[in-house]
Amino acid sequence: MPEGNTIHRLARDHSRDFSGRIVQVSSPQGRFAAEARKLDRRRFLGTDAWGKHLFHLWEGGLVVHMHLGMAGGFRRFAGKRPAPRPSVRMRLLIPHLAVDLIGPPTCELVGEAERLAVFARLDPDPLRRDGDPEIAWEMIARRPDRPIGDALLDQRVISGVGNIYRNEVLFLHGAHPLRPAKRVSKDEWLAMWETLRRLMARGVREGTTTVNDGETPHPDSARGRENDDFYVYGQTVCRRCGGPIRSFPLSGRRMFACPACQSRNRRRSSRPEGSTRP
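Per chain, residues are indexed from 1 in the order of the written sequence. In keeping with the predicted nature of the model, local features appear solely for residues at pLDDT of at least 70, side-chain atom pairs appear and are counted solely at 80 or more, and the whole-chain, interface and lining totals rest on all residues. The side-chain values count all of the structure's non-hydrogen atoms but skip hydrogen atoms and water molecules.

Colleague: What is the right way to read the pattern of salt bridges from this model?
Modeller: Close approach of charged atoms allows side chains of opposite charge to pair. Salt bridges are defined by distance alone: a side-chain nitrogen of Lys or Arg within 4 Å of a carboxyl oxygen of Asp or Glu. If you walk through the whole model with that rule in mind, you get 19 salt bridges. Among the ionic pairs, Arg12 bridges to Asp13, the shortest N-O distance being 3.3 Å. A simple rule labels every residue: compare its accessible area, found with a 1.4 Å probe on the protein chains alone, to the largest value its type can have, and call it buried under 20%, exposed over 50%, or partly exposed in between. Its relative accessible area of 38% is what places Arg12 among the partly exposed residues. In this structure Asp13 comes out as buried when scored by relative accessible area, which is 15%. With a shortest N-O distance of 2.8 Å, Glu134 and Lys186 are connected by a salt bridge. Placement of Glu134 in helix 4 (residues 133–141) and of Lys186 in helix 7 (residues 186–206) is noted, with a sequence separation of 52 residues between them. Accessibility expressed as a relative area gives 32% for Glu134, which makes it partly exposed. Relative accessible area serves as the criterion here: at 34%, Lys186 is assigned to the partly exposed category. In this text, helices come from DSSP runs of H or I with a minimum length of four residues, and strands from runs of E with a minimum of two, each type numbered from the N-terminal end.

The structure is reproduced here in structure tokens:
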């Protein structure tokens, strides 16, 4: 499932491509045909994103609300534009550019009031200027025995964080995913939020979900490493200590943790381990 950085990057790219333009809209698949006819040849005003929700804003107060789920995605064609696949839910077309939406569980035409209603049920997003870590902390504190790894993937606690970022931020802060929330201090949480904000903003800029900051790896860490972009996600050997990574299910997804580097008890410092950042 695309994480929040991917959705915010899509919002940025679509705004760059279409804002202020008259856009042709169609639904080759047919499941968005009536809505596409209402949008066709209207002016595209801009975009918005919150967590894993993407919004296209159109003149006349119309809004397309999308959630890509596990399998949805966009395909962009500059220059020569191929005929759309039958599976394309929505095609946006301007001279020399087409963008196709395929496979979203949610693609609906709503008004501004409905968009604000979606916002009202979402919790803070680290990539938004109005994202408030204090609100997320209040949600975490309501269930003190809940594992912090479970809380981080709950979109009712924090919006946009997916499985990669929850694995990596917990490792960077030396917190075991199964540590109960009551053993996470507020200072630790605020530091985790800032790390998430920084890493996800980097993902928006670079179009990747790379987490590794170039830290010198342990000599033994080359053994069994699958992807140097991550510290623990999808790994069998810890980049930092060279020890084995343990994996286990949590919140319906796979967690990865280093028993040597990640503690189930509260740490004295909230600074990410191995970090040279202030």
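So, next bit.
Colleague: Just checking my understanding: could you explain the packing of aromatic side chains for this structure?
Modeller: Here a ring pair, both rings aromatic, is described through the centre-centre distance and the interplanar angle of the planes. Note on ring pairs: Phe, Tyr and Trp rings are taken, using the six-membered ring of Trp, and paired if centres are within 6.5 Å. Classes follow the plane angle, with under 30 degrees stacked, over 60 edge-to-face and the rest tilted. For the structure shown, the criterion picks out eight aromatic pairs. Ring centres 4.8 Å apart and planes at 45° place the aromatic pair Trp50 and Phe119 in the tilted group. In this pair, Trp50 is assigned in strand 2 (residues 42–50) and Phe119 in helix 3 (residues 112–120), connecting sequence segments 69 residues apart. There is no split in this pair, since Trp50 and Phe119 are both buried. Arranged with centres 5.5 Å apart and planes meeting at 85°, the rings of Phe230 and Tyr233 form a pair that is edge-to-face. Connected via pairs of aromatic rings, a cluster forms that spans Phe18, Phe44 and Trp58. The criterion is that NZ of a Lys, or CZ of an Arg, lies within 6 Å of the ring centre and within 35 degrees of the ring normal, and then a charge sits over that ring. The positively charged end of Arg128 is found above the aromatic ring belonging to Phe119, 5.1 Å away from the centroid.

Colleague: Just checking my understanding: could you explain the nonpolar core for this structure?
Modeller: Nonpolar side chains in soluble globular proteins tend to end up buried together. In these notes, a set of buried Ala, Val, Leu, Ile, Met, Phe, Trp, Tyr and Cys residues joined through side-chain atoms within 4.5 Å is what counts as a nonpolar core. With 40 residues, the main nonpolar core has Ile140, Leu170, Phe171, Trp189 and Leu196 as its most contacted residues. For this core, the secondary structure elements donating two or more residues are helix 4, helix 5 (148–152), helix 6 (163–172), helix 7, strand 9 (246–250) and strand 10 (253–257). Take this core: its biggest share by element is eight residues, from helix 7. Setting aside chain neighbours within four positions, we find Ile140 in contact with Ile148, Ala151, Val157, Ala181 and Trp189. Leu10, Leu68, Leu92 and Cys107 belong to the second-largest nonpolar core, a separate cluster that totals 25 residues. Residues count as neighbours in contact if any of their non-hydrogen atoms are within 4.5 Å of one another.

Colleague: Help me understand the sheet that holds strand 4 (residues 62–67), please; the structure alone is not making it clear to me.
Modeller: Adjacent strands of a sheet form backbone hydrogen bonds with each other and so pair up, either parallel or antiparallel. The strand order across the open sheet formed by eight strands is 5-7-6-1-2-3-4-8, and the pairing between neighbours is antiparallel. Of all the strands in the sheet, just strand 5 (73–78) and strand 8 (106–111) have a single pairing partner and so form its edges. Going across the sheet, the axis of each strand differs from the next one's by a mean of 30°, ignoring polarity. Any two strands are treated as partners once DSSP identifies two or more bridges connecting them. Bridge count for strand 1 (residues 22–26) against strand 6 (residues 88–94) is three bridges, and the pairing is antiparallel. Bridge pairing links Ser26 to Arg91 in strand 6. Fitting a line to C-alpha atoms yields each axis, with helices limited to the stretch in contact; the angle taken between N-to-C directions then spans 0 to 180 degrees. Strands in contact with helix 1 (residues 4–18) are strand 1, strand 2, strand 3 (53–58), strand 5, strand 6 and strand 7 (97–102); relative to strand 2, the strand with the most contacts, it is inclined by about 165°. Across the face of the sheet, helix 3 comes into contact with strand 2, strand 3, strand 4 and strand 8 while running at roughly 120° to strand 8.

Colleague: Even after reading the chapter, I still don't get unusual backbone geometry, so can you show me in this structure?
Modeller: When glycine is set aside, most residues are seen to have a negative phi, and most peptide bonds are trans. Residues other than glycine seldom take positive phi values, yet Arg41 does so here, at roughly 65°. Note that Arg41 resides in the loop between helix 2 (33–39) and strand 2. For Ser251, which is not glycine, the phi torsion reads 60° and is therefore positive. Among the secondary structure elements, Ser251 is positioned in the loop between strand 9 and strand 10. Ser251 gets classed as partly exposed once you look at its relative accessible area, which sits at 33%.

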